[in-house]
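Each chain is listed here by its residues.
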Amino acid sequence: MLYHSTRGRSRPVDSAEAVLEGLAPDGGLYMPEELPEFDWKDCLTGSSMDMSAKILSALLPDIPNMPKLVRRAYTGKFETEDLTPTVPVGDFSVLELFRGPTSAFKDVALSMLPQLLTAAKKVKGMEKDILILTATSGDTGKAALEGFHDVPGIRICVFYPDGGVSQVQRSQMVTQEGNNVAVCAVRGNFDDAQTGVKNIFAACQDRELPFALSSANSINIGRLAPQIMYYFRAYRDLLDAGKIRLGDEVNFSVPTGNFGDILAGYLAKKLGLPVGKLICASNANNVLTDFIRTGIYDRRRPLLKTTSPSMDILVSSNLERLLYLLSEDTELVADLMKKLNTEGAYTVPAELIEKIQGEFWAAYCDDARAAEIMDRVYRELGYLCDPHTASGWAAAEDYVNQTGDKRPMVVLSTASPYKFPAAVLTAIGGDTSGSEFDQMARLSTVTGVPVPKNLASLQGKEERHTGVIDKDKMLDYVLSL
Ligand SMILES: *Cc1c(COP(=O)(O)O)cnc(C)c1O
């Protein structure tokens, strides 16, 4: 099985190479030429790790010993053995993706990616170190650092927008230990940092460097593929709870930024899982809502700071993969991406947006509505959720109200409420004075839900990475590593 670039101008590569490279040389993203035959019913048996191994073996056939790699990635690192529990909350089910080592949903993928990269390196006989370059809007950075620190043969460099992440998120990153890690703030927003990273990849393409560059952002297929598992896991949990019968369709509402998480849901569907509608939930940065409703993608608008910063994104990288999957037209994708780059907007053909609307539905909510939902869900249903999850809940409610669709609804919960304690406390009417650490402790007292250990232990840790640079200095920074 070969991987192609979504822009069709690079040579096809095998799955190990696709993982090693991250981004294709023509600037496109790697996708399998066709999805493999997959026994989705068989995948519903066994543990979460078994599910993960089956899915990853199918999608990344050139990487051997997948069950072993999966065990290494996850054993002992998550709060629960099923990795991603699904809990009933009112009329919906909530898929808790934040039970990993950094309390972010990104742990599921970023615990796995180092194993995939190390194995791919071995398959390809690659001797150089790999330098993982990552731009983060908050959660990716720490989850990547946690996954990659002290992994032999790999180094990692994380850029985050200065002032654009929460105090807890910053603290998680700048206290990171390990001999192979670099963390640096960039003056600018997340899109600046992400564009900077893309430019570094482009600038380094033809240079002889002591390391090979790769990415931990969801542009890497090795980052995307491990996420497919939790859709299977949730489906299985609904089966076990007697809420569905085998074959019934389930809808999923997904708090979305770079479109990686929700695209994994679409890939689960393409592998056979009975997924109904995928609901793309945004915050006030509602580029994707507009796109899915109209077919016009327009990033020419200010990036707003919201209480759900991991979704404060105007350029959703993985949408490119969806455009490719549904159009099967690399010329079209290359042309649209060029328009996005030069004009800041594009319009897809009517036929393509109709296909997208057949699979996806979209809604957004502003901070006030997210707060209203956090409060109501906590008071009426006894469940504390974070602002990202609240946007997923809002979109799920809108969807059900507007369509009357009665299929079971799973809302993906992408962060622990303790990662955004000020927003959560404000929403439920609590006192928000003091530092974020004070707020975490207060939130725990009010709700009786304990602070995750990895967050509680941050306070007082030594800050090791305090640099701040201009966005046009990112390349120099990397070359000096
Ligand atoms: C990264 C992130 C998202 C967005 O996920 P994508 O895969 O980029 O769409 C949503 N919520 C939280 C808390 C995140 O960290």
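Throughout what follows, the structure given in this document is the object of discussion.

Criteria and thresholds
- Residues numbered from 1 in each chain as written.
- Predicted model: local features only at pLDDT ≥ 70, side-chain atom pairs only at ≥ 80, totals over all residues.
- Heavy atoms only, no water.
- Pairing = 2+ DSSP bridges.
- Helix = DSSP H or I, 4+ residues; strand = E, 2+ residues; numbered from the N terminus.
- Axes fitted to C-alpha atoms, helices over the stretch in contact; angles between N-to-C directions.
- Contact = heavy atoms within 4.5 Å.
- Expected span 1.5 Å × (residues − 1).
- Buried < 20%, exposed > 50% of the residue type's maximum accessible area, 1.4 Å probe, protein only.
- Polar contact = N/O pair within 3.5 Å; in protein donor to acceptor, adjacent residues only side chain to side chain.
- Phe/Tyr/Trp six-rings, centres within 6.5 Å; stacked < 30°, edge-to-face > 60°.
- Lys NZ or Arg CZ within 6 Å of the ring centre and 35° of its normal.
- Core = buried A, V, L, I, M, F, W, Y, C linked by side-chain atoms within 4.5 Å.
- Parallel < 35°, antiparallel > 145°, perpendicular 65-115°, else oblique.
- Nonpolar A, V, L, I, M, F, W, Y, C, P; charged D, E, K, R; others polar.
- Disulfide = S-S within 2.5 Å.
- Left-handed = near helix turned anticlockwise from the far one by under 90°.

**Some remarks on the sheet that holds strand β16 (residues 468–470)**
- On the basis of which strands lie adjacent, the open sheet formed by five strands has the order β9-β6-β7-β8-β16 and parallel pairing. The sheet is open, and its two edges are formed by β9 (211–215) and β16, each paired on a single side. Averaged over all adjacent pairs, the angle separating strand axes in this sheet is 30°, with direction ignored.
- Across five bridges, the pairing between strand β6 (residues 129–135) and β9 is parallel. Among the inter-strand pairings, Leu131 is bridged to a residue of β9, identified as Leu213.
- Along the sheet, helix α5 (residues 107–123) contacts β6, β7 (154–161) and β9; its crossing angle with β6, the most-contacted strand, is approximately 145°.
- Against the sheet, helix α8 (residues 190–204) contacts β6, β7 and β9, and its axis sits at roughly 150° relative to β6.

**Quick notes on unusual backbone geometry**
- In this structure, Asp150 takes a positive phi of about 60° despite not being glycine.
- Structurally, Asp150 is set in the loop between α6 (139–148) and β7.

**Considering α8**
- Taking 1.5 Å per residue, 15 residues should reach 21 Å; α8 reaches 21 Å between its end C-alpha atoms and fits that length.
- For α8, the full list of buried residues reads Phe190, Asp191, Ala193, Gln194, Gly196, Val197, Ile200, Phe201 and Cys204.
- Buried residues in α8 make contact with β6, β7, β9 and α21 (474–479).
- Put simply, Asn189 is the residue that caps the front of α8, since its side-chain oxygen is 3.0 Å from the backbone nitrogen of Asp191.

**Brief notes about the packing of aromatic side chains**
- Going through the model one piece at a time under the given rule, you end up with twelve aromatic pairs.
- Judged by centre distance (5.5 Å) and plane angle (65°), the rings of Phe159 and Tyr477 are edge-to-face. With Phe159 in strand β7 and Tyr477 in helix α21, this pair connects stretches of sequence that are 318 residues apart.
- A relative accessible area of 0% places Phe159 in the buried class.
- One aromatic cluster in this structure is built from Tyr230, Tyr231 and Phe252.
- In this structure, Arg293 is placed above the aromatic ring of Trp361, and the distance from its NZ or CZ to the ring centre is 5.8 Å.

**What about the nonpolar core?**
- Of all hydrophobic cores here, the largest spans 112 residues; its most connected members are Phe232 and Leu323.
- Element by element, the count of residues in this core is highest for α5, at eight residues.
- Those residues in contact with Phe232 that lie beyond four places of it in its chain are Phe38, Trp40, Cys43, Leu44, Met51, Ile55, Ala268, Leu271 and Leu273.
- By size, the runner-up hydrophobic cluster in this structure holds 36 residues, among which are Ile279, Ala363, Cys385 and Tyr418.

**A short note on the packing of helix α13 (residues 319–327) against helix α15 (residues 350–359)**
- Between α13 and α15, whose axes approach to 10 Å, the crossing angle comes to 105°. Here α13 is positioned roughly perpendicular relative to α15, judged by the angle of their axes. In this structure, α13 contributes Leu322, Leu323, Leu326 and Ser327 to the contact, and α15 contributes Leu352, Lys355 and Ile356.
- Split into classes, the residues belonging to the contact of α13 with α15 amount to five nonpolar, one polar and one charged.

**Here's the deal with the state of the cysteines**
- In the structure shown here, the tally under the stated rule is zero disulfides.
- Its sulfur unpaired, Cys365 is 9.9 Å from the next cysteine sulfur, which belongs to Cys385.
- For Cys365, a relative accessible area of 3% gives the class buried.

**Quick notes on the packing of helix α3 (residues 48–59) against helix α4 (residues 66–74)**
- In the contact formed by α3 and α4, the axes pass within 9 Å of each other and the chain directions differ by 130°. By the angle class used here, α3 and α4 are oblique. As for the relative orientation of α3 and α4, their crossing is right-handed in sense. Here α3 contributes Met49, Ser52, Ala53, Leu56 and Ser57 to the contact with α4, which in turn contributes Met66, Pro67, Val70, Arg71 and Tyr74.
- Partitioning the contact of α3 with α4 into residue classes produces seven nonpolar, two polar and one charged.

**Here's the deal with the sheet that holds strand β2 (residues 13–14)**
- Pairing is antiparallel across the open sheet formed by three strands, whose spatial order is β2-β1-β3. Whereas interior strands pair on both sides, the edge strands pair on one side only; in this sheet they are β2 and β3 (30–32).
- The sheet contact formed by strand β1 (residues 2–5) and β3 spans three bridges and is antiparallel. If you follow Tyr3 over to β3, its bridge partner there is Pro32.

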